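Each chain, written out:
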Amino acid sequence: MKIAIINGPNLNLLGKREPEVYGNITFESFFETLKSQYPTLELSYFQSNIEGELIDKIQEVGFTFDGIILNAAAYTHTSVGIGDAVKAITTPVIEVHISNTFARETFRHQSFISPNAKGIIIGFGLKSYELALQSFL
Ligand code: DQA
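Source: prediction; values computed, not measured.

Asks: Can you tell me about helix H5 (residues 127-136), naming the residues and giving the values?
Replies: Restricting attention to buried positions, one finds in H5 the residues Ser-128, Tyr-129, Ala-132 and Leu-133. Down the axis of H5, the buried side of the element spans an arc of 140 degrees, and every buried residue falls inside it. Packing partners of the buried residues in H5 comprise strand S1 (2-7), helix H2 (27-37), strand S3 (67-71), strand S4 (93-97) and strand S5 (119-122).

Asks: Which residues make up the UniProt feature "site: Transition state stabilizer" (unreviewed entry) in the chain, and what values do they have?
Replies: In this structure's numbering, the residues bearing the UniProt feature "site: Transition state stabilizer" (unreviewed entry) are Arg-17. Turning to its location among the elements, Arg-17 is positioned in the loop between S1 and helix H1 (19-22). Dropping the residues within four chain positions of it, Arg-17 is found in contact with Asn-10 and Tyr-22.

Asks: Could you give an account of the UniProt feature "binding site: substrate" (unreviewed entry) in the chain, naming the residues involved and the relevant values?
Replies: Residues annotated by UniProt as "binding site: substrate" (unreviewed entry) correspond here to Asn-71, His-77, Asp-84, Ile-98, Ser-99 and Arg-108. In three dimensions, the annotated residues from a span of 38 residues occupy distinct locations, with a maximal C-alpha spread of 23.8 Å. Relative to the helices and strands, Ile-98 resides in the loop between S4 and S5. Aside from chain neighbours lying at most four places away, what touches Ile-98 is Tyr-22, Gly-125, Leu-126 and Ser-128. Structurally, Arg-108 can be placed in the loop between S4 and S5. Apart from the residues within four sequence positions on either side, Arg-108 is in contact with His-77 and Thr-101.

Asks: Before we move on, can you summarise unusual backbone geometry with the specific residues and values?
Replies: In this structure, Glu-18 takes a positive phi of about 30 degrees despite not being glycine. Relative to the helices and strands, Glu-18 resides in the loop between S1 and H1. Within the chain, Ala-73 stands out as a residue other than glycine whose phi angle is a positive 50 degrees. You can see Ala-73 is positioned in the loop between S3 and helix H4 (80-88).

Asks: How would you summarise the sheet that holds strand S2 (residues 42-47) if you had to cite specific residues and measurements?
Replies: Reading across from one edge, S2-S1-S3-S4-S5 is the order of the five strands in this open sheet, with parallel pairing throughout. Because the sheet does not close on itself, it has two edges, and the strands there are S2 and S5. Neighbour-to-neighbour, the strand axes of this sheet turn through a mean angle of 20 degrees, independent of strand direction. Helix-sheet contacts for helix H3 (residues 51-61) involve S1, S2 and S3, and the interaxial angle to S1 is about 170 degrees.

Calculation notes
Residues numbered from 1 in each chain as written. Predicted model: local features only at pLDDT ≥ 70, side-chain atom pairs only at ≥ 80, totals over all residues. Buried ≥ 20, exposed ≤ 12 C-beta atoms within 10 Å, placed from the backbone. Helix = DSSP H or I, 4+ residues; strand = E, 2+ residues; numbered from the N terminus. Arc of directions from axis to C-beta. Contact = placed C-beta atoms within 7 Å. UniProt positions renumbered as here; feature names shortened; annotations may be inferred. Pairing = 2+ DSSP bridges. Axes fitted to C-alpha atoms, helices over the stretch in contact; angles between N-to-C directions.

Take a look at the structure:
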């Protein structure tokens, strides 16, 4: 089973970015742990701070992979383009967020991803990604 994890802007700073909100583990080390826990899955990881690169990646994997776990980060709340890309593809997308966006500023309550996501997992820290993975299994 081929699953792509796609992370949006500033998530390359996990581990040092607002650790009280996002924790102190880098995504790279979390990803290594995840791969060792699910050795039979073909897991890939892509991160970009650039909206178009995220759209390119969604299009690239979105017709052949079995699942996409997408944390579009701040673009969740602003990007019609990423929302349209999620709608355009056939691979199911689980939207994830590390923090509980509904317990934060009101601008984080809006998502352009949610209407076309298969499901949404929000607020469980990095565990959100693992829960999304399990939902594909
Ligand atoms: C986030 C929540 C977003 O509001 C924020 O812009 C992020 C991270 C999360 O995973 O909690 O960068 O997507």
